[in-house]
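Below, each chain spelled out in residue letters.
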Amino acid sequence: MSFVDYADTIKDGDTAIVFLGHESMFPVKVQHGSKTQTKYGVIRHSSDLIGKRYGSKVTCSKGGWVFILHPTPELWTMNLPHRTQILYSTDISLITMMLELKPGSIVCESGTGSGSLSHAIIRTVAPTGHLYTVEFHQQRAEKAKEEFQEHKVEHLVTVKNQDVCKNGFGVSNVADAVFLDIPSPWEAIGHAKSALKIEGGRICSFSPCIEQVQRTCLAMEEHGFTEINTLEILLRVYNVRTISLQIPDLGKAAEDNSSTGFDSSNQSNQGSLYGILQQGTAQFKSGVPLKEMVGHTGYLTFATKSLF
Ligand SMILES: C[S@@+](CC[C@H](N)C(=O)[O-])C[C@H]1O[C@@H](n2cnc3c(N)ncnc32)[C@H](O)[C@@H]1O
């Protein structure tokens, strides 16, 4: 297993995702002789995991079962140990596209934080690209390095423990794209410009507050960036639910001229998405948005460095 290559079977040392049910999962480091407790009982790594295929249904000691999934950056984002606030897949997907990332891209990032975005960048630029990620908090930088090794992607990433606003990214004129998720991104725009290739590239800065965005846009303009564009992306999740609606009783005359379209005797209605009549009730499947609206994460400011 590696975060950039799929493997069929679970091996000693892998990071696997234990999936217990809807929105209930956690990562596990697979180790000979280890045990993992779940609410369905114990999973014994040597007999239950190692040598089994990814995607297998594993029965735990109390008789309940879980699925063991191959890790991906998206699953890692949902399950990683938080050392900082992290970026989620909705923002990451827009960042990846708007920075025009692809296999072979060279990317600079700061700060590394919990490595949520880093894993997605690494997967996108593999097998020939590289990520230079800068984190000034020593323990966070070390932990990120450790995780990249465990996930077998260390050849695709260089972690630098320094202040990006003072010392930059440690590389010049090599990057196709730069990403910033720090409190004062405007102080790093000059370093971002020198990290980007002479012929140009793309930049993105993520900030929760509009005042940070204003200062960053001004700094980008001062350094000659063009196509400065600030976006926010909001996710709306739908659940599929069976809805029951009472059919109004409009009396005999209305029944004779019925235009409801619901007819319990009509076989063709069976198995369709709607029209199943049960004692004056119409049932149908519907996509229902979640009650809680996903809130603001941050503004994404994109810009271009061009040769001319
Ligand atoms: C919000 S976290 C980044 C989260 C990351 N994008 C992720 O998805 O996991 C911000 C990180 O930037 C680091 N940081 C802040 N200012 C910095 C600077 N001037 N140079 C380097 N790292 C910095 C912090 O220590 C923190 O770990």
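Quick caveat, the model's predicted, so the values are computed rather than measured.

> Quick one: what's the story with unusual backbone geometry, residue by residue and with numbers?
What you tend to see is this: most non-glycine residues have negative phi, and most peptide bonds are trans. With an omega of -10°, the peptide bond between Ser-110 and Gly-111 qualifies as cis. Along the chain, the position of Gly-111 falls in the loop between β7 (106–110) and α4 (116–125). Unlike most non-glycine residues, Asn-173 shows phi in positive territory, near 50°. Within the secondary structure, Asn-173 sits in the loop between α6 (164–167) and β10 (177–180). Positive phi, close to 55°, is recorded for Glu-227, a residue that is not glycine. Within the element layout of this structure, Glu-227 appears in strand β12 (residues 226–231). Residue classification places Glu-227 among the exposed positions, given a relative accessible area of 57%.

> Mind laying out the sheet that holds β12, listing which residues take part and the relevant values?
One key point about sheets: their strands pair by backbone hydrogen bonds, in either a parallel or an antiparallel sense. Pairing is mixed across the open sheet formed by 7 strands, whose spatial order is β9-β8-β7-β10-β11-β16-β12. At either margin of the open sheet sits one strand with a lone partner, and together these are β9 (157–160) and β12. Averaged over all adjacent pairs, the angle separating strand axes in this sheet is 15°, with direction ignored. Across 5 bridges, β7 lies against strand β8 (residues 130–134) in parallel orientation. Bridge pairing links Glu-109 to Thr-133 in β8. Sitting on the sheet, helix α8 (residues 210–222) touches β11 (200–207), β12 and β16 (299–306), and the angle it makes with β16 is about 5°.

> Which residues make up the packing of aromatic side chains, and what values go with them?
All told, the structure shown has 2 aromatic pairs when counted by the stated rule. Considering the side-chain rings of Phe-3 and Trp-76, the 5.9 Å spacing of their centres and the 90° angle between planes classify their relative orientation as edge-to-face. Linking Phe-3 in the segment before β1 (15–21) with Trp-76 in helix α2 (residues 73–79), this pair joins segments that are 73 residues apart in sequence. Each member of the pair, Phe-3 together with Trp-76, is buried. A centroid spacing of 5.5 Å and a plane angle of 70° characterise the contact between Trp-65 and Phe-67, whose relative ring orientation is edge-to-face. Its relative accessible area of 28% is what places Phe-67 among the partly exposed residues. Here the basic side chain of Lys-57 rests over the ring of Trp-65, its NZ or CZ set 4.0 Å away from the ring centre.

The rules behind each value
- Residues numbered from 1 in each chain as written.
- Predicted model: local features only at pLDDT ≥ 70, side-chain atom pairs only at ≥ 80, totals over all residues.
- Heavy atoms only, no water.
- Helix = DSSP H or I, 4+ residues; strand = E, 2+ residues; numbered from the N terminus.
- Buried < 20%, exposed > 50% of the residue type's maximum accessible area, 1.4 Å probe, protein only.
- Pairing = 2+ DSSP bridges.
- Axes fitted to C-alpha atoms, helices over the stretch in contact; angles between N-to-C directions.
- Contact = heavy atoms within 4.5 Å.
- Phe/Tyr/Trp six-rings, centres within 6.5 Å; stacked < 30°, edge-to-face > 60°.
- Lys NZ or Arg CZ within 6 Å of the ring centre and 35° of its normal.

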